[in-house]
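# Fold and contact review
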Amino acid sequence: MHFLPGQGRLLTLLDDSSLHLWEILHHDGCAHLEEALSFQPPSRPGFDGASGPPSLTRVTVVLLVAAGDMAALGTEGGSVFFLDVPTLTLLEGQTLGPDEVLRSVPDDYRCGKALGPVEALEGHLRDPTKILIGYSRGLLVIWNQAAQCADHIFLGNQQLESLCWERSGSTLVSSHSDGSYAIWSADTGSSPTTQPMVATTPYGPFPCKAINKILWRNCESGGHFIIFSGGMPRASYGDRHCVSVLQAETLVTLDFTSRIIDFFTVHSTRPEDEFDQPQALAVLLEEELVVLDLQTPGWPAVPAPYLAPLHSSAITCSAHVANVPAKLWARIVSAGEQQSPQPASTALSWPITGGRNLAQEPSQRGLLLTGHEDGTVRFWDASGVALRPLYKLSTAGLFQTDCEHADSLAQAAEDDWPPFRKVGCFDPYSDDPRLGVQKVVLCKYTAQMVVAGTAGQVLVLELSDVPSEQAVSVSSVDLLQDREGFTWKGHERLSPRTGPLPWPTGFQPRVLVQCLPPAAVTAVTLHAEWSLVAFGTSHGFGLFDYQRKCPVLARCTLHPNDSLAMEGPLSRVKSLKKSLRQSFRRIRKSRVSGKKRAANANSKLQEANAQLAEQACPHDVEMTPVQRRIEPRSADDSLSGVVRCLYFADTFLRDAAHHGPTMWAGTNSGSVFAYALEVPTAVAGGEKRPERAVEAVLGKEVQLMHRAPVVAIAVLDGRGRPLPEPYEASRDLAQAPDMQGGHAVLIASEEQFKVFTLPKVSAKTKFKLTAHEGCRVRKVALATFASVACEDYAETCLACLTNLGDVHVFSVPGLRPQVHYSCIRKEDISGIASCVFTRHGQGFYLISPSEFERFSLSARNITEPLCSLDISWPGDAARASYGLRESPKLSQANGTPGIVLAPRSHDGSPSPVRSMGTDTPQPPEATLSPMSIDSATSADTTLDTTGDVTVEDVTDFLGSSEESEKNLRNLAEDEARACAILIK
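Treat the numbers as computed from the prediction; the structure is a model and nothing was measured.

Rules used throughout
- Counting of residues starts from 1 at the beginning of each chain's written sequence and follows it residue by residue.
- At least 70 in pLDDT is required for a residue's local features to be given in this predicted model, at least 80 for side-chain atom pairs to be given and counted, and no such filter applies to totals for whole chains, interfaces and linings, which use all residues.
- Side-chain descriptors were evaluated using all non-hydrogen atoms of the structure, hydrogens and water having been removed beforehand.
- Note on conventions: DSSP H or I runs of at least 4 residues are helices, E runs of at least 2 residues are strands, and numbering of each starts at the N terminus.
- Contact criterion: two residues are considered in contact whenever any of their non-hydrogen atoms come within 4.5 Å of each other.
- Method for areas: the Shrake-Rupley scheme with a 1.4 Å probe, in which residue coverage is limited to the protein chains shown.
- In this scheme, strands are said to pair when DSSP sees at least two bridges between them.
- Here, axes are lines fitted to C-alpha atoms. For helices the fit covers the stretch in contact, and angles between N-to-C directions go from 0 to 180 degrees.
- Relative accessibility under 20% of the residue-type maximum defines a buried residue, over 50% an exposed one, and the middle range a partly exposed one, all with a 1.4 Å probe and only protein chains included.
- Confidence scores per residue from the predictor, reported as pLDDT, run from 0 to 100.
- We call Phe, Tyr and Trp rings a pair once their centres come within 6.5 Å, taking the six-membered ring for Trp, and we label the pair stacked below 30 degrees between planes, edge-to-face above 60, and tilted otherwise.
- Lysine NZ or arginine CZ positioned within 6 Å of the ring centre and within 35 degrees of the ring normal marks a charge as sitting over the ring.
- A 3.5 Å cut-off defines polar contacts: any pair of N or O atoms within that distance qualifies, except that in protein one atom must be a possible hydrogen donor and the other a possible acceptor, and neighbouring residues in sequence count only when both atoms are side-chain atoms.
- UniProt positions are given in the numbering used here, feature names are shortened, and annotations may be inferred rather than shown by experiment.
- Every case where a carboxyl oxygen of Asp or Glu lies within 4 Å of a side-chain nitrogen of Lys or Arg is listed as a salt bridge.

When you go through the protein residue by residue, the secondary structure sums to 11 helices and 61 strands. Restricting to contacts in the protein with at least 6 residues of sequence separation, those with at least 24 account for 59%. Taken as a whole, the protein presents about 47,700 Å² of accessible surface, with 52% of it coming from carbon and sulfur.

Bringing the sheet that holds strand S49 (residues 752–757) into the picture now. The four strands are arranged S47-S48-S49-S50 in an open sheet whose pairing can be described as antiparallel. Both edges of this open sheet fall to strand S47 (710–716) and strand S50 (763–768), since each of them pairs with a single strand only. Averaged over all pairs of adjacent strands, the angle between strand axes in this sheet comes to 15°, irrespective of strand direction. Summarising the sheet, S47 and strand S48 (residues 744–749) pair through six bridges and their orientation is antiparallel. If you follow Ala 714 over to S48, its bridge partner there is Leu 746.

Structurally, the position occupied by Arg 707 is in the loop between strand S46 (695–703) and S47. Classification of Arg 707 as partly exposed rests on a relative accessible area of 26%. Residues Arg 707 and Glu 751 lie 44 residues apart in sequence; the distance between their C-alpha atoms is 9.5 Å.

A separate point is the sheet that holds strand S45 (residues 671–678). The antiparallel open sheet is built from four strands, whose spatial order is S43-S44-S45-S46. In this open sheet, the two edge strands, each paired with only one partner strand, are strand S43 (643–651) and S46. Strand-to-strand, the axes of this sheet are offset by a mean angle of 20°, without reference to chain direction. Pairing geometry for S45 and S46, over eight bridges, is antiparallel. Residue pairing in the sheet places Ala 674 in a bridge with Lys 700 of S46.

In this structure, the amide linkage connecting Gly 204 to the following residue, Pro 205, adopts the cis form with an omega of 5°. The residue Pro 205 is located in the loop between strand S16 (198–200) and strand S17 (211–219) in this model. Residue Pro 759 is reached from Leu 758 by a cis peptide bond, and omega for that bond is 5°. Here Ser 531, not a glycine, exhibits a phi torsion of approximately 55°, which is positive. Located in the positive-phi region is Val 761, a residue other than glycine, with phi close to 55°. Of note, Val 761 is situated in the loop between S49 and S50.

A residue-level look at the protein finds 77% of positions with pLDDT of 70 or above and a mean pLDDT of 81. In this model, residues 45–52 is a region of pLDDT below 50 whose contacts with residues beyond four sequence positions or in other chains number six contacts. Note on residues 570–575: pLDDT is under 50 here. Beyond four places in sequence and across chains, it has nine contacts.

Turning to the packing of aromatic side chains, a few remarks are in order. Two measures describe an aromatic ring pair: the distance that separates the ring centres and the angle between the ring planes. Summed over all chains, the structure comprises 18 aromatic pairs. Their ring planes at 45° and their centres at 6.0 Å tell us that Tyr 181 and Phe 228 sit as a pair that is tilted. Placement of Tyr 181 in strand S15 (residues 181–185) and of Phe 228 in strand S18 (residues 222–230) is noted, with a sequence separation of 47 residues between them. Phe 228 shares its class with Tyr 181; the two are buried. By way of ring pairs, the aromatic residues Tyr 181, Tyr 203, Phe 228 and Trp 417 are connected into one cluster. Here the guanidinium or amino end of Arg 137 rests over the ring plane of Tyr 109, the centre of that ring lying 4.1 Å away. Lying over the aromatic face of Phe 263, Lys 213 brings its terminal NZ or CZ to 5.0 Å of the ring centre.

For strand S32 (residues 448–453), the tally of buried residues reaches six of six residues, placing the bulk of the element in the interior. Where burial is concerned, the two faces of S32 agree: the one with Gln 448, Val 450 and Ala 452 and the one with Met 449, Val 451 and Gly 453 are both buried. Here strand S31 (residues 437–443) pairs with S32 via six bridges, running antiparallel. Among the inter-strand pairings, Val 437 is bridged to a residue of S32, identified as Gly 453. Hairpin connection from S31 to S32: four residues lie between these consecutive antiparallel strands, with Ala 447 at a positive phi of about 55°.

Most of strand S14 (residues 171–176) sits out of view: six of its six residues are buried. With burial as the criterion, each face of S14 is covered, one bearing Thr 171, Val 173 and Ser 175 and the other bearing Leu 172, Ser 174 and His 176. Note: strand S13 (residues 160–165) against S14, five bridges, orientation antiparallel. Its bridge partner being in S14, Trp 165 is matched across the sheet by Leu 172. Where S13 folds back on S14, the antiparallel hairpin that results is connected by five residues, among which Gly 169 adopts a positive phi of roughly 90°. Here S14 runs beside S15; their pairing, made up of five bridges, is antiparallel. By the bridge assignment for S15, Val 173 is matched with Ile 183. Between S14 and S15, which pair antiparallel and follow one another directly, the connecting turn spans four residues, one of which, Gly 179, has a positive phi of 85°.

Let us now look at the side chain of His 20. Among the secondary structure elements, His 20 is positioned in strand S3 (residues 19–27). His 20 sits in the buried class, given a relative accessible area of 14%. Looking at His 20, its side chain comes within polar contact range of the side chain of Glu 35, at 2.7 Å. Ignoring any residue separated from it by four or fewer positions in sequence, one finds His 20 in contact with Leu 10, Leu 11, Thr 12, Leu 14, Glu 35, Leu 37 and Ser 38.

Here the UniProt feature "repeat: WD" (unreviewed entry) sits at residues 367–381. End-to-end, the C-alpha atoms of residues 367–381 are 5 Å apart, and along that stretch the chain is 0% helix and 80% strand.

With that settled, the discussion passes to the pattern of salt bridges. Within this structure, the stated rule accounts for 24 salt bridges. Here Arg 58 ties to Glu 76 by a salt bridge, and the two come within 3.4 Å at their closest N and O atoms. Of this pair, Arg 58 sits in the loop between strand S4 (30–39) and strand S5 (59–65) while Glu 76 sits in the loop between strand S6 (70–75) and strand S7 (80–84), and the two are 18 residues apart along the sequence. For Arg 58, a relative accessible area of 40% corresponds to the partly exposed category. Residue classification places Glu 76 among the partly exposed residues on the basis of a relative accessible area of 38%. A salt bridge links Glu 286 to Arg 259, with the nearest nitrogen and oxygen atoms 3.0 Å apart. Placement of Glu 286 in the loop between strand S22 (280–285) and strand S23 (289–293) and of Arg 259 in the loop between strand S20 (250–256) and strand S21 (260–266) is noted, with a sequence separation of 27 residues between them. Salt bridges linked by common partners bring Arg 240, Asp 255 and Lys 422 together as one network.

Set out below in structure tokens:
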């Protein structure tokens, strides 16, 4: 990619050798990047040979010359072609073939060998007529484009990888495939130069990998910088991704965890300046963008305000917290700042200018929590467009893992050569897969949090503003309840460290609850007001009182035949016998049901005909939608005991007169358990409840007919609204629930949504999603949709994501379908599994392992980028007006044709609109003819060059000649204004 300086345009080279010219266009009040022109080099039959004219084979390198009006293209065949950038056409007669260069080379260097592909092209900062060309064989040529001759030739013999031309033009640096670099002097009078001034292999003497790119930057203080990628000793560190920074005697080998794509320095580019004075080094890696401050001793990393890698360790779960109180927000930000204190000497702010953010301050703060494979939970500011890292919580310090011995060995070897320095935060390697975070819940009013992991560990943490040293209380809960015939074959539990442990500022663990067997936690919920945490695995669920640090309840949900649940997710042993048995059972069952259906078909057909005959006129008939037949699932299906959801509610379970705390659990086999809880109530004004034991009694047990897995449970109050979160009502932060009318419970399974009345648990309404739509429910959430028209009006609806990637919204409690959108590709199984809804009708899902896509179902609550990009147009802006080859379609939404605006010159007067290929004034009709419309470069342009243009489009657009003249006059009179461009 190459920016055209000061023009808001970009030239890109793709790997099929096509070139594309892009420009920032203003459209509907916002701007976007649009392709203006493209150039596909002509394909040539045959091979590259010495005979015949040079051909444009694969383009290997691009160099912009003459202030971006011309581009030099180096090719695989060794030729250099020249391209007119405004029109993307080849300049005839200027092509430089390898034969012309070879004429200036001594005979003994030629010796029948080809020069090879053009590996590098460099321009002279002060003399645009000179180009430095580097060929793969090692030959370097300073070519004078004006005189069409070689000014200087350097006879290198080592395969060339990269070149850099020092600012004054007197020094060149070349890097090579054997891990060496050479410094050549261009001031020596005699040409050709056969030997470099310096040739060195920095990481020799053993064989090294190629130095792929090298930069030379000089400083006023003296010592210049040499920065290069690669060059590592092949045998010892050939697999490392390194950038080396060398200044005088100081060498630092920056060791990255992902492949290096490119790097550049932020330095002075004005030709009149004598020194580069590099301020920062920016390195683009496959997984992150890292910037280092080159002005501060030690060259520290600069914290990035955006593009922080989400997947430093693989994301295993995520959760969203809306409307975070300002006090909690400030405490989390403060804890995060203490984790990575910036050295006081770092004066450098982020050196990349990406425009100005015009978005208003968000009205409420939103947190996105991501759980990771290495046992960390990261807190992200999700209030605006960019996800900004706030704080990182690590749970690994509580456990003894296998990697500690390896760490001490690694530290012992740190003094060795090369001087490696770990940079960047992408670290895909997990020390122990059991540390992976499966579920995370945060109570925003008490700053308490639950993190549950892969080895059955459930951690209750609390935010503290000061570091502390304390022991963590450890309890275990046996979910098998001494059930016989089950032996856990999966991974061992993690061993917690004993004794007081040091905890930094931030979330500090208070209690560790260990589920036995140590299977992955599949569901968790927290009620900070009652000091209770509920958790479930594939074996059952438990309830724990973390104030008294004792278990309240454990219930096994395993079916007697379910041996698969004992294998564990990390086990490689799956019961083949069992899966075969199940397959045969299913086949047998489908055969039997098929015979039954065939026998009944005749009688059913006669009944249906009789019913149709009795029907009245067709317009009176209310058509019911066709429903698919759903087969009930087998009771002994594998993993039927997995607990899918847990929920706390203050509602009516025993009778209609008394409400109280309840806990609900839903499983993979369609079972719902409801427990009535006896929780001692806190004294008025007191935060903590009395130290009496909590009791749990099974109140209701519901079995859904088709045994479809239960995805979510929610209790609705007398007005049909979901119950508020803990502390919301008692602290007047939400409307108190209606306890006068009858409550209802909404149970969402994979196949249908059903509302039951409480306390009787009788069916009230339902919607069969699988029967109607043929899809299964994957994620559901109750969301509040605020009205755009009326500030105070809002509705609560049920948002649902299906296995086909569609999002459905239903009214609550009526369960009437409202809207239906396709959102995620149905093939993107991991994207669907990662989706998380917010309370205000938005959602996040992983569009790839490293990026979240954010979507909104709410017309009022939308997070969109709103930015301006200030482009300072050059003085000769007239030359920057690019002619388009094809006629653009103009946006005619408002009924009047738009008009093309020319770029402004510095004094504010519009540059003359000029036709392609001529500078003489044209009549208006010719100016707007399909072959000569100039592309737009002003803020009011409404061009779309992507569509095919028909004759009707052109006639509609042209209108009458009077109209065209009038439009052009209006354009000339338009007053000057700066091009502030909105990007959406």
